[in-house]
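Architecture and fold: a report
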Amino acid sequence: MRRLLLLLLGLLVLQQGRCFEFVIDGEWEEETRAILTSEEQDDFEAIRGDDITVKSYKVESRITSRFAHTTVRSSVINTGSKAQSIGFNVQIPKRAFITNFTMNVNGIIFIGSVKEKTVARNLYAQARARGKAAGIVRANSQDMETFKTEVHVPPGSNIEFELHYQEMMHRKLNFYEHSLYLQPGRLVPQFQVDVYIFEPKGILMVDLPNYLGAQFTESIKITKTKDKAHIVFKPSLQQQRKCENCTGSAIDGVFTVRYDVNRDSNAGELQVSDGHFVQFFAPSNLSPLSKNIVFVIDVSGSMWGVKMKQTVEAMQAILDDLTIDDHFSIIDFNHNVRCWSEELVPGSSIQIEDAKRYIQNIKPNGGTNINEALMRAVQMLIKAANQGLIDPRSVSMIILVSDGDPTVGEIKLSTIQKNVKRVMREEFSLFSLGIGFDVDYDFLERIAMENRGIAQRIYANHDAAEQLRTFYSQVSSPLLRRITIQFPDDSVSDVTQNRFDKYFSGSELVVAGKVLPSNSNILTSYTTASASRMDITLETEADTTELDTELTKQEHSFHGFARQMWAYITIKQLISERSLAPTAAKKRKITQRIMALAVEHQFVTPLTALLVESEGGTERLLADSPKDPKHGCCSGIGGGGGSPNGIAPVRVVYQPPPWVQMTTTAPPSQVEKGPEEWTLPQQVTLVDNDPHFIVHLPRSNMDVCFNIDSKPGNILNLVSDSGTGLVVNGQLISAKKMHRNKLNTYFGTISIYYQPDGVSVTVSTESIIMTDGRNNHSFTWGSTAEITQDGMRISIRKNSHVSVIINDNIQVMVLLHRVWKKHPVSVDFLGIYMADNNQYSPLVHGLIGQFSREPDVRVFDVHEGVDPLKKQATMEVKGNTLQVTRGWQKDYRHDKKRGSNVYCWFIHNSGKGFIDGHYTDYIVPNLNSFLRML
């Protein structure tokens, strides 16, 4: 938690002129600690003052597409007999940007505007020279800020405070969390919290962990529809009391809303609004990549006691999470560096138990040699990679846990940072966990970001073990590597970071940018990534006008969310890049870019300030955020003197930050094209509808048709080739009810199993699942995708079809048929189309496979039938003489609604005489079962 102090120390003197006389205190308290101690927490009040009446305290958050705009309002009266100082204090998340603060004191209105810091300070200095002044925002680098305002007013004064801030919701452990810190410190007649959520794709769940206490359960109400939710917390005065006759407020804690959204595909969600786009990418149903982890644990003397005890407790649980596919080791360091194992070892139960005993026996003492410990960890990963001991597709990471600055060996932080950067490979990541406040957190953050990781502070006076476990759970399940999200040329500009080293389960990657003018109202993105044993390409589309139309209908949505989210992400990334800038010139360019964006979008950042002034400009208050005295990131703005008129925006072409995993950018033609489309030849053998088989016989230049009338649930073998190891099976489903005294059946699931690679693709009307014995990956019909694994390629066309190509010589296409969900009879079903030139072995069989060896067929005695449109004839095939009917079936590849006619000779009685044996001979027990010999 960090504190951000806005000290608006004012003295209102009621003289004849009734003017304000402000006195400023802009000095930073050097000994201030960012985390509130228990005494400070007990003493914290949102509204501070004696003999005051707080008429109202209202908080409203509008969350639209994971971006929140929060407003905190309070109305206060000085009911005392003397002039006094009244404070307005708000705790806000560190990741939030303040966007405005206004104050109405006895009708005099102060309105805020964000300016480049030099400009704001010049204006502020002018006011101070006239004896008019105000306070300064201060900040340090922890999880929470405290915004403090204090104004001195005479008795009877009415004051209204209003603070605005914005933040992006970050997804962790499968949900977004929005926290509001409520500590009014007194009873409030009109106390209310409203949280409005609008998510265009729909809200999956809303949950409110009750951190405020059971007594407020009935005061909280949730209203939820498909895409909207409204959470209101409105306790009465009696419900606010600590006890029945108490005058103190029981509201003291965090009001937290957790939610997640619907996702209809792994390709992500692309939204376009107000000329900007946001791409959300949070795939699931993918098998985790294996991990190679070196835990680097500080065991210096300062870790003695509770810190070490809780670290050991957390490590016990973390080690239990490792699997046999993971590799790990432990390095503990003080003035010396020790290794539990000199090499990475598999996460077997024997190794894990031994590692637990080792951790349990650690006795902290001595100094801190971070440099050597990290060097040893990197060398261990390099050795394992060079010796081929780890899977090339696995994820390698170092997790550093420390509570202090280096005191032994190399102690210069910048040198340690360079040393680690020099030896770290691109495929390695470093995650830094700083326990307490003696550690230089800014250093831990820099060294992590520069090496494709993140840093997190662990609070020693909280449940550190649980914090450590929670952090590990966020990075314990990597699903993808080398993720790139791209767009066609000339469709977007000013794109935020779009290449990511890793994606962890339960999190979310977000890319934003500006949409360029176009004749088309469709924007398309292409995401490429590497998963366990396979590479994927995903395509997402969005209508550029649809969301804006929908937002106009939403009363409580935040209409400018996309524009502000783009600016928010861009500024956050630029601030991180600035801290790693290699030269002063580069730093100046980044600084100018940050200031220009922050002023344009009204964000209070470390490089801008909030100037609060009365309507006539006669009274001015300044709020800025200079560096943290101990861990400052923003000393030396480097932007030059700046003029009172502000700095003109500078166009800066900046490279992706160093932590981005760079991959080869696809050429424009490939980006525009997206996943490759594979087409079947004109002549195919197919099964579609109820299920109608159409077998093409190229030598005879004819098509032969038959139906299979089997029971729902039965699995029919279509192709069984023990020579190539290929199996294609289909499972039947039924219509909802009988139609014309017949219960129709269809294929609801198609399975394609390739035994040599152990890979199976199971296509249903709901999903496409790919398994290889160890890994299980699931995709939906909701997006276009391309997956490659070993010799198998899978192409998914959104809500249309799936093509599977094996070793470039066998091709199968599964067609999706959607029907009206409320149709009284019909259900969704699948059709299957197979190329006639598929290269099977001589051992192939199955309802379709047997016809790869084309039988001799003779059709004669063609004559009129009962139906004048359907001629009848006699067919000789496989030694059988059959009565056949000329008719037609449908090929739905090019027109899924009406289909195209395929004229064929129809075999009655479920293909009897045309297929080998009886159709029941082709029923198999499982989707991956080979056909027994007929």
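Residues numbered from 1 in each chain as written. Predicted model: local features only at pLDDT ≥ 70, side-chain atom pairs only at ≥ 80, totals over all residues. Heavy atoms only, no water.

For the structure shown, the criterion picks out 25 aromatic pairs. Both rings, one in F233 and one in F255, keep their centres 5.5 Å apart while their planes meet at 15°; by these two values the pair is stacked. Here F255 lies in strand 19 (residues 253–261) and F233 lies in strand 18 (residues 228–233), a separation of 22 residues in the sequence. F233 sits in the buried class, given a relative accessible area of 0%. (Phe/Tyr/Trp six-rings, centres within 6.5 Å; stacked < 30°, edge-to-face > 60°. Helix = DSSP H or I, 4+ residues; strand = E, 2+ residues; numbered from the N terminus. Buried < 20%, exposed > 50% of the residue type's maximum accessible area, 1.4 Å probe, protein only.)

Here is the idea: a disulfide is a covalent bond, and it sits between the sulfur atoms of two cysteines. A complete count under the given rule lists two disulfides for this structure. One disulfide bridge connects C243 with C246, the sulfur atoms lying 1.7 Å from each other. Across the disulfide from C243 to C246, rotation about the S-S bond amounts to roughly 90°, and the bridge is consequently right-handed. Given the relative accessible area of 37%, C243 is considered partly exposed. Taking relative accessible area as the criterion, C246 reaches 22% and is therefore assigned partly exposed. The disulfide that involves C705 links it to C904, with 1.8 Å between the sulfurs. Between C705 and C904, the S-S torsion sits near -120°, and that sign places the bridge as left-handed. Residue C705 is found in strand 39 (residues 702–707), and its partner C904 is found in strand 54 (residues 900–907); the two are separated by 199 residues along the sequence. Assessed through its relative accessible area of 0%, C705 is described here as buried. Taking the relative accessible area as the measure of exposure, C904 reaches 1% and is therefore buried. (Disulfide = S-S within 2.5 Å.)

Let's shift gears to the pairing of strand 53 (residues 880–891). Both strand 52 (residues 872–877) and strand 53 contribute to a ladder of six bridges, which runs antiparallel. The partner of T874 across the bridge, within strand 53, is Q883. Linking two consecutive strands that pair antiparallel, namely strand 52 and strand 53, is a turn of two residues; a positive phi of about 55° is found at K878 within it. (Pairing = 2+ DSSP bridges.)

Turning next to the sheet that holds strand 32 (residues 509–515). Spatially, 20-21-32-30 is the arrangement adopted by the four strands of the open sheet, whose pairing is antiparallel. One side of each edge strand has no neighbouring strand; the edge strands of this open sheet are strand 20 (269–273) and strand 30 (492–493). Across five bridges, strand 20 lies against strand 21 (residues 276–281) in antiparallel orientation. Bridged to Q271 within strand 21 is V278.

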